[in-house]
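If you want the building blocks of each chain, they are given just below.
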Protein chains: 2
Amino acid sequence: MSFIDKLAAAVEKKGSSVLVGLDPRFEWIPESIKQSSLKDLNDFSGQLMNLRTHEDTDRKDAGFDISEIAPTVFCDFCRDIIDIVAPYVPCVKPQMAFFEQLGSDGMVALDDVIQYARDCGLLVILDGKRNDIGTTAAAYAKGLLGEESPWGADALTVSPYLGDDSLDPFIQTAVEQDAGVFVLVKTSNPGGGMIQNLETTDGRKIYEVVGDFVQSKALQTVGQCGYGNVGAVVGATYPKELAELRQRMPNTWFLIPGFGAQGGSAESVKAAFDEKGLGAVVNNSRGINFAWRTKAYESFGEEKWKDAVLAATKDMCNALRN
Amino acid sequence: MSFIDKLAAAVEKKGSSVLVGLDPRFEWIPESIKQSSLKDLNDFSGQLMNLRTHEDTDRKDAGFDISEIAPTVFCDFCRDIIDIVAPYVPCVKPQMAFFEQLGSDGMVALDDVIQYARDCGLLVILDGKRNDIGTTAAAYAKGLLGEESPWGADALTVSPYLGDDSLDPFIQTAVEQDAGVFVLVKTSNPGGGMIQNLETTDGRKIYEVVGDFVQSKALQTVGQCGYGNVGAVVGATYPKELAELRQRMPNTWFLIPGFGAQGGSAESVKAAFDEKGLGAVVNNSRGINFAWRTKAYESFGEEKWKDAVLAATKDMCNALRN
């Protein structure tokens, strides 16, 4: 089955359009996970370290090197999040940057997290914003896209500055591997407008030029559900543009960042959905991963962080359903 | 010392502006390296495999799985290239896509190659075309940039579609870590014009808008050599635009792809250099890595592939010097 039909089926089965971002940020991960990873490390190495429990700076003083446990901490944290959200959402989005930040050990952790999410029945949209030309783009695509590939992602975000011949290898591999591609079109950050909002001499803005290209590729790769295997990243933070792009790109599935921490709400993403409730997944990373650190769920406290993640996930599912 | 001053000093010391791309493509790597890696694998595992020497498809039939030896083959091949070119060129550019293609084992190989190049006294410009927003961009930057970072690159290529607030975290980290950033401005591929060549209502083309931004950041990060630690990727395949961008971006060091296989020549990149011979490095990947497979050096044959790499490197250094 094509990626987009798998995605549509998963959204219908779970009754949810929530995409849970996996953004492991070491400094915010619960202390209990760090202690457990450290214990494993100590057990493994046979060394006993003098662990202090609160400040990362204190830890460094105590001869503690974050880099030794961070990959394990990332795995354990992401696996916990996956366990909590898997019954409620169709897909997760690991952010490659946080894993790559740790060096090659971080990439081994990413590998584990992707496989674990798949094993839990979730679709995995890898957020890598990869881009290159020709056979180099094909190398990324073949490495990352599809169940049989080394990384095994169901879909990948890609960046369009290099133009159509840089996107085609991703699209071709995606179609061959029953995988998907989400092209950056109108992003959620304030600075996105610097290039994306520029108006060209034919009257279209850059994000409309890219949007039209993506829609044409969506049409060429359309599945049973009416959407194509080439989707678009369109931020929740610009609801007017989002609504206009929906009109302009009727066959394009949207991946919508910017919900929650960045300011987007259920109201601001409403226009992205068709009458069946299909057509978009809305990402939330920080607001779910670190729910107990947000105003709305702070009463749970760090000890009950898993309950906070669960509550935030269910609440977002409900908010998007109404 | 800032990255750009290290680069300028290395160019002057070696008397060369050649940037050797490290693009390990399994199917083109000499058979001798594959056999040696396979032998190591066999010695290690204690298994004896029935190796056939020519066709990869035959190998699969013989129960041989490329993925088991590819990371070792990539390491061995890149180390050989580095050994050959190190006396003659200031820097190398590993292409992350080829390593990432192999999964996390490929990233371990990349780690080794970066470190080996550094140990050989070369500056390492990592070609990742990374891009993201805010703290996520900062995660890439902190992971990849600077001698003390997990990956340890001296510089990184980045893609600008997400705008200024996506580039600033890379620039900030680069400056803090004595590292550099090369922003895609006008790329070498035919499709690059799809977005980059569009004319905006203020009369500038998109690549000029990005070029102006990069020049402003180059000025803000200018080193002793007169160029900034924020550079630009400008293709050799569009010499007219390259010459215009040089006028427009007097403090911006250019990383120039598209030489050789893509059609660029010493003549087409001449305009990038100042009267001291500084201001640009010109990349060649395939034409050096796989020189014996090109018309000019095919007489060496696969057996003398190292001699072909050496000849191609020296010839390119000379061509750029004149």
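Asker: Tell me about the packing of helix α4 (residues 66–85) of chain A against helix α14 (residues 305–321) of chain A, residues and numbers included.
Answerer: For any two helices packed against each other, the geometry is given by the interaxial angle and the distance between the axes. Residue and element names in this part refer to chain A. The N-to-C vectors of α4 and α14 enclose an angle of 45°; their axes lie 10 Å apart at closest approach. Classified by the angle between their axes, α4 and α14 sit oblique to one another. As α4 runs across α14, the sense of the crossing is right-handed. The residues of α14 that touch α4, namely those facing Phe 77, Asp 80, Ile 81, Ile 84 and Val 85, are Trp 305, Lys 306, Val 309, Leu 310 and Thr 313. Taken together, the residues that form the contact of α4 with α14 break down as seven nonpolar, one polar and two charged.

Asker: Account for the relation of the copies chain B and chain A, naming residues and giving values.
Answerer: Note on the identical chains: chain B maps onto chain A by a rotation of 180° and an axial translation of 0.0 Å, with an RMSD of 0.0 Å. Such a turn and shift between the copies fits a two-fold axis. The rotation axis passes nearest to the C-alpha of B:Thr200 in chain B, at a distance of 2.0 Å. Of the residues that chain B buries at the interface, 100% are likewise interface residues in chain A, meaning the two copies contact each other through the same surface.

Asker: Just give me the short version of the side chain of A:Ser268, but keep the residues and values in it.
Answerer: Of note, A:Ser268 is situated in helix α12 (residues 266–269). From its side chain, A:Ser268 meets the backbone nitrogen of A:Ser265 in a polar contact 2.7 Å long.

Asker: Which residues make up the sheet that holds strand β4 (residues 155–158) of chain A, and what values go with them?
Answerer: Residue and element names in this part refer to chain A. Spatial strand order, β1-β2-β3-β4-β5-β6-β7-β8: eight strands in a closed barrel with parallel pairing. The sheet shows a mean angle of 30° between the axes of neighbouring strands, taken without regard to direction. Where strand β3 (residues 123–130) meets β4, three bridges bridge the pair, whose relative direction is parallel. Bridge pairing in β4 links Leu 126 to Leu 156. Lying over the sheet, helix α11 (residues 239–248) contacts β5 (180–186), β6 (230–234) and β7 (254–256), oriented at roughly 170° with respect to β7.

Asker: Before we move on, could you go through the layout of surface pockets and cite the residues and values that matter?
Answerer: Empty space left among the atoms is revealed by rolling a probe the size of a water molecule over them. Taken as a whole, the second largest pocket holds about 630 Å³ of empty space. If you go around the second largest pocket, you meet 20 residues; those closest to its centre are A:Lys142, B:Phe26, B:Ile66, B:Gln101 and B:Leu102. Within the residue set of the lining of the second largest pocket, elements represented by two or more residues are α7 (134–144) of chain A together with α4 (66–85) of chain B. If you tally residues by element for the lining of the second largest pocket, the top one is α4(B), at five residues. Across the lining of the second largest pocket, the residue classes tally to 10 nonpolar, three polar and seven charged.

Asker: So what's going on with unusual backbone geometry? Residues and values would help.
Answerer: Most peptide bonds are trans, and most residues other than glycine sit at a negative phi. Residue and element names in this part refer to chain A. Despite not being glycine, Lys 129 has its phi angle at roughly 45°, a positive value. Backbone geometry at Asp 178 places phi at a positive 55°, although glycine is not the residue there. By relative accessible area, Asp 178 is classed as partly exposed at 33%.

Asker: Give me the lowdown on the interface of chain B and chain A, citing residues and values where you can.
Answerer: In this complex, chain B contributes 57 residues to the contact, which on the side of chain A involves 57 residues. Across the chain B to chain A interface the summed buried area is about 4700 Å²; carbon plus sulfur atoms make up 60%. Linking chain B with chain A are four salt bridges, by the criterion used here. The salt bridge partner of B:Glu100 is A:Arg130, with a shortest N-O separation of 2.9 Å. At the surface where chain B touches chain A, the tally comes to 30 residue pairs in polar contact (both at pLDDT 80 or more). Ranked by residue count, the leading element in the side of chain B that touches chain A is helix α7 (residues 134–144) of chain B, at seven residues. For the side of chain B that touches chain A, the per-class residue count stands at 26 nonpolar, 20 polar and 11 charged.

Asker: Lay out the nonpolar core in plain terms, naming residues and giving numbers.
Answerer: Most often, soluble globular proteins keep nonpolar side chains buried together rather than apart. Grouped together as the largest cluster of nonpolar side chains are 223 residues, with contacts concentrated most on A:Leu7, A:Trp253, B:Leu7 and B:Trp253. Sequence-distant contacts of A:Trp253, that is, excluding residues within four places in its chain, are made with A:Ile4, A:Leu7, A:Ala8, A:Val11, A:Phe182, A:Tyr227, A:Gly231, A:Ala232, A:Leu278, A:Gly279, A:Ala280 and A:Val281.

Asker: Please give an account of the pairing of β6(A) that cites residues and values.
Answerer: All names here are of chain A. In terms of burial, β6 is largely enclosed, as five of its five residues are buried. The sheet contact formed by β5 and β6 spans five bridges and is parallel. Looking at β6, one finds that Leu 184 is bridged to Val 233. Note that β6 and β7 share two bridges and pair parallel. Bridged to Val 233 within β7 is Leu 255. For the crossover from β6 across α11 to β7, the handedness is right-handed.

Asker: An account of the pattern of salt bridges is requested, with residue identities and associated values reported.
Answerer: All names here are of chain A. Summed over the entire model, instances satisfying the criterion amount to 35 salt bridges over all chains. The salt bridge partner of Lys 93 is Asp 127, with a shortest N-O separation of 2.7 Å. Here Lys 93 is found in strand β2 (residues 91–94), whereas its partner Asp 127 is found in strand β3, with 34 residues between them in sequence. Each member of the salt-bridge network shares a partner with another, and the members are Asp 202, Arg 204, Glu 208, Asp 212 and Arg 248.

Asker: Can you explain the packing of aromatic side chains? Please cite residues and give values.
Answerer: Residues and elements named next belong to chain A. The final tally for this structure, using the stated rule, is 18 aromatic pairs over all chains. Between Phe 74 and Phe 99 the ring centres are 5.9 Å apart and the planes differ by 90°, which places this aromatic pair in the edge-to-face class. Pair noted here: Phe 74 is in helix α4 and Phe 99 is in helix α5 (residues 96–100), with a separation of 25 residues, a long-range link. By relative accessible area, Phe 74 is classed as buried at 2%. A relative accessible area of 0% means that Phe 99 is categorised as buried. Aromatic side chains Phe 77 and Trp 305 sit 5.5 Å apart centroid to centroid with 35° between the ring planes, which places their arrangement in the tilted category. Here the residue Phe 77 occupies a position in helix α4, and Trp 305 occupies one in helix α14, the gap between them amounting to 228 residues. Neither Phe 77 nor Trp 305 differs from the other in exposure class; each is buried. In textbook terms, an aromatic cluster arises when at least three aromatic residues are bridged by ring pairs, as seen for Trp 28, Phe 77, Phe 290, Trp 292 and Trp 305. The ring of Phe 254 is capped by Arg 246, whose NZ or CZ atom sits 4.1 Å from the centre of that ring.

Procedures and definitions
- Residues numbered from 1 in each chain as written.
- Chains lettered and ligands numbered in written order.
- Predicted model: local features only at pLDDT ≥ 70, side-chain atom pairs only at ≥ 80, totals over all residues.
- Heavy atoms only, no water.
- Axes fitted to C-alpha atoms, helices over the stretch in contact; angles between N-to-C directions.
- Helix = DSSP H or I, 4+ residues; strand = E, 2+ residues; numbered from the N terminus.
- Parallel < 35°, antiparallel > 145°, perpendicular 65-115°, else oblique.
- Left-handed = near helix turned anticlockwise from the far one by under 90°.
- Contact = heavy atoms within 4.5 Å.
- Nonpolar A, V, L, I, M, F, W, Y, C, P; charged D, E, K, R; others polar.
- Least-squares fit on C-alpha atoms with pLDDT ≥ 70 in both.
- Polar contact = N/O pair within 3.5 Å; in protein donor to acceptor, adjacent residues only side chain to side chain.
- Pairing = 2+ DSSP bridges.
- 1 Å grid on protein atoms, 1.4 Å probe; cavity = no way out; pocket = protein on both sides within 12 Å on 5 of 7 lines; lining within 4 Å.
- Points joined across faces, edges and corners; volume = space filled by probe spheres on them.
- Buried < 20%, exposed > 50% of the residue type's maximum accessible area, 1.4 Å probe, protein only.
- Buried area = accessible area lost by both parts, 1.4 Å probe.
- Salt bridge = Lys/Arg side-chain N within 4 Å of Asp/Glu carboxyl O.
- Core = buried A, V, L, I, M, F, W, Y, C linked by side-chain atoms within 4.5 Å.
- Right-handed = clockwise from strand over helix to strand, strands pointing away.
- Phe/Tyr/Trp six-rings, centres within 6.5 Å; stacked < 30°, edge-to-face > 60°.
- Lys NZ or Arg CZ within 6 Å of the ring centre and 35° of its normal.

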